[in-house]
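# Residue-level structure breakdown
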Amino acid sequence: MFKIGMFTSGYQRNPLENIFEDAKRFGYDYIELWGGRPHAYAPDLAAGEIDELIRLRDKYGVPITGYCPEHNAYPYNFMIGSERQREDAVSYLKLCLDQAKALGSDYMLISPAHAGYEATYEEMRDRLYRTCEELSKHAENVGVRIVVDLSLPRSPTYSRAPMTSSSSLSMSTRTICSACWTSFPPFLLQEQIMSYFSKLGDKLYHLHIIDSNGSDASHVMPGEGVLPMKELLEEIRDLPYERTATIELVTGYINEPRLYAKRAINNVRAMLEE
């Protein structure tokens, strides 16, 4: 059975301690920490604010298994802008890897954001591959696995990066990156979801579980959208897949993150009951 994680982006308006309190109360196995202000922006952590996170981690006994730095918009996006801007984003993500190590995280997640409307396939591919190779070397040095979300770029709202299950395998094989799969983009674009498991094999290291409204990139509560979520979770369970799966609630539920975090894990558990 896979481990179920809480994504903390939706808690950004709440006190930091709420995250750890709720993860413990609701029975999450781990936290996937969103790396943005006010809670876990890497330069703030490096300046000493990491101590409070470590204190809360140890107080509640909930590991920070994954770190997900904010880098899909302003000011960091390694897929767009000048080469100097790309290098600046890479430097920032190397600092994020250092902080992931200090937090005791097993992995750090990155994802290719929007590359701009005029970027060619070749330009996007080159930029993505070079960035992943540079970050992979630093990740290997610090001892944190770098995981690339290779299905989220299939959603044109987020990215124009040319990623399918087959191109994901090509990139994972060329670099030492592992892969993350997000449930709704393949479904939204009528790719077979389980192809990522059969093609990527051991390169598929981590999952993001979220439902879909069938029309756009909205992150919908698991079991409350149009994706055949119960059947999908059963298929993943029966592979068997025994790594990590984060329920990726983001800012769509920011008004009541505590209530929805509880509802989300209860929904997933109910769908996995025999």
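### Remarks on empty space enclosed by the protein
All chains considered together, the criterion is met by one cavity of 30 Å³ or more. What lines the largest cavity is a set of 13 residues, among which F7, Y11, L249, P257 and A261 lie closest to the centre. Counting only elements with at least two residues in the lining of the largest cavity, the list comes to β1 (3-7) and α9 (257-272). A per-element tally of the lining of the largest cavity places α9 first, with four residues. For the lining of the largest cavity, the class distribution of residues is twelve nonpolar, one polar and no charged.

### Some details on the pairing of strand β7 (residues 204-209)
Within β7, six of the six residues are buried, which leaves the element mostly enclosed by the surrounding structure. Pairing between strand β6 (residues 178-182) and β7: four bridges, direction parallel. Opposite A179, over in β7, you have L204 as the bridge partner. Pairing of β7 with strand β8 (residues 244-247), which is carried by four bridges, proceeds in the parallel orientation. By the bridge assignment for β8, I209 is matched with I247. Handedness of the crossover joining β7 and β8 through helix α8 (residues 229-237): right-handed.

### Observations regarding the pairing of strand β2 (residues 30-35)
In terms of residue burial, β2 counts as a mostly covered element, since six of its six residues are buried. Across the two faces of β2 the burial is the same, with Y30, E32 and W34 and I31, L33 and G35 all buried. One crossover worth recording links β1 to the parallel β2 by way of helix α1 (residues 16-26), and it is right-handed. The pairing of β2 with strand β3 (residues 64-69) spans five bridges and is classified as parallel. Across the sheet, residue G35 finds its bridge partner in β3, namely P69. Following the backbone out of β2, through helix α2 (residues 42-60) and into the adjacent parallel β3, one traces a crossover that is right-handed.

Analysis parameters
- Residues numbered from 1 in each chain as written.
- Predicted model: local features only at pLDDT ≥ 70, side-chain atom pairs only at ≥ 80, totals over all residues.
- Heavy atoms only, no water.
- 1 Å grid on protein atoms, 1.4 Å probe; cavity = no way out; pocket = protein on both sides within 12 Å on 5 of 7 lines; lining within 4 Å.
- Points joined across faces, edges and corners; volume = space filled by probe spheres on them.
- Helix = DSSP H or I, 4+ residues; strand = E, 2+ residues; numbered from the N terminus.
- Nonpolar A, V, L, I, M, F, W, Y, C, P; charged D, E, K, R; others polar.
- Buried < 20%, exposed > 50% of the residue type's maximum accessible area, 1.4 Å probe, protein only.
- Pairing = 2+ DSSP bridges.
- Right-handed = clockwise from strand over helix to strand, strands pointing away.

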